[in-house]
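Coordinate analysis (summary)
Below are the chains, spelled out letter by letter.
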Amino acid sequence: MKPSFWLLQISGWLFYYLLMLADNMLFIGNYNPLGSQMFYILMPVTFLGFALTLPVRYLYQRCWSLPFFSQAVVIFIISALLALLWIVPKNLLFYWVDGEDIFHLSANPKFHWKYLFMMVSNSFFIMMVWSSLYFGINYHYRLVQAQEQQLRSARLSHLAQIRMLRYQINPHFLFNTLNALSTLVMKGDKPRSGKMIEQLATFLRFSLDSEPEKKIRLYDEIKALMMYLEIEKVRFSDRLDVEVSVTPEARMAMVPSMLLQPLVENCIKHAIAKMSEGGVIKVQAWLENKMLHLQVADNGPLTDVNQVNLSGVGLQNIIERLEVLYGQHQKLRMDVQGSHGLRVTLVIPFEEEPWTELPLS
């Protein structure tokens, strides 16, 4: 968060006052006739510097659109004018305290010109420092703000992409399920079609309640997956068997919602649906080297992994979601399980559910 101008203004000039006071006490006081009076002079001198720089702030605000070289010229000219304006009241203060005008050159012209130049250059340097800090601090926070806006835009784009990919699953799944349901209705199988409608309503309720951009526990993902498989079991009856094996430490891992469902749906479409009996889908999850391994396999007729259609909605959706969410820190491998059947393994970083403290009862 950008600090307040007034906080920086007061702090900066207070630092100048203390620095000049310490410098006078340690180094100048013993050699300068005004050394013993500088304590009283520095306070109004500092206040004058404080007051002179206040209107400059509004002038500089109108210079942001100027090119860098033009800004540098403006800073130089304004700092020089401020320095000249500053040394006039400084001179009056010195005259009031010491009784001698530094612009009066009759006594020792060489000394006075040298002293005058020192005061002007010192005042010019202070004003240049103030101007440079003003522009530097504002440039820094404008850059930070621009970077935050860029990150916010990237995050919104990232979030929109995740939602698009996540929402792509539901219509695809719903089309396949309704297609199977219409087949049961046409056959007049009222008990099975009624049960499928009930299971479909339960699954869709869960699917719509879950936020696409948020991750859920693998335990809940498996639970949702079993809802989907209950629908498919109504359709395939004894032709479908499911085996689930999840290690205890992997159950609480955080995964994108509906990540496994397209893989299982792919198994049903390309394996179970082509088998007359004995169809098995295996779902496994385990941890290895701080990476979560998720595996979905079937015992379908596939014998060559090159026959898998990677352009299909299900697999392509998973590939894109993993790339968006994890970048290079993810893998998707496909191979043939034994002599036949497709096995898909996902490897993603292991993320635990954020710990939250429960309220005291």
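Each remark here, short or long, concerns the structure printed above.
First, a word on what this report is: a plain description of the structure on this page. A quick note: this is a predicted structure, and the numbers were derived from the prediction, not measured. (Residues numbered from 1 in each chain as written. Predicted model: local features only at pLDDT ≥ 70, side-chain atom pairs only at ≥ 80, totals over all residues. Heavy atoms only, no water.)

**Details of the layout of surface pockets**
For clarity, the threshold we go by: Buried and open spaces are told apart on a 1 Å grid over the protein atoms alone, a cavity being a set of points where a 1.4 Å probe fits but cannot get out and a pocket being an open set with protein on both sides within 12 Å along at least five of seven lines. Residues with an atom within 4 Å of a point are the lining residues. Grid points are joined across faces, edges and corners, and a volume is the space filled by probe spheres set on the points. Helical segments are the DSSP runs of H or I of at least four residues, strand segments are the runs of E of at least two, and each set is numbered from the N terminus. Under this grouping Gly is polar, as are all residues other than the nonpolar Ala, Val, Leu, Ile, Met, Phe, Trp, Tyr, Cys and Pro and the charged Asp, Glu, Lys and Arg.
When its volume is computed, the second largest pocket comes out at roughly 540 Å³. For the second largest pocket, the lining is made up of 21 residues, of which L8, G12, V129, W130 and L133 are closest to its centre. Mapped onto the lining of the second largest pocket, the elements with two or more residues apiece are helix 1 (5-28), helix 2 (38-61) and helix 4 (109-186). Looking at the lining of the second largest pocket residue by residue, the classes come out as 15 nonpolar, 4 polar and 2 charged.

**Re the side chain of T53**
Here is the rule we go by: Buried, partly exposed and exposed residues are distinguished by accessible area as a fraction of the type maximum, computed with a 1.4 Å probe on protein chains only: under 20%, between the cut-offs, and over 50%, respectively. Whether two residues are in contact is decided by their heavy atoms: any pair within 4.5 Å suffices.
Mapped onto the fold, T53 is located in helix 2. In this structure T53 comes out as buried when scored by relative accessible area, which is 0%. In contact with T53, not counting residues within four places along its chain, are Q9, W13, M127 and W130.

**Describing the side chain of T345**
The following threshold applies: Counted as a polar contact is a pair of N or O atoms within 3.5 Å, where, for protein atoms, one must be capable of donating a hydrogen and the other of accepting one, and residues adjacent in sequence contribute only when both atoms are in side chains.
Mapped onto the fold, T345 is located in strand 7 (residues 342-349). Residue classification places T345 among the buried positions, given a relative accessible area of 4%. Among the polar contacts listed, one links the side chain of T345 to the side chain of Q295, at a separation of 3.0 Å.

**Side note on the pattern of salt bridges**
To be explicit about the condition: Counted as salt bridges are all cases of a side-chain nitrogen of Lys or Arg within 4 Å of a carboxyl oxygen of Asp or Glu.
With the rule as written, the count across this model stands at 3 salt bridges. Here R217 and D220 are joined by a salt bridge, their closest N and O atoms 3.0 Å apart.

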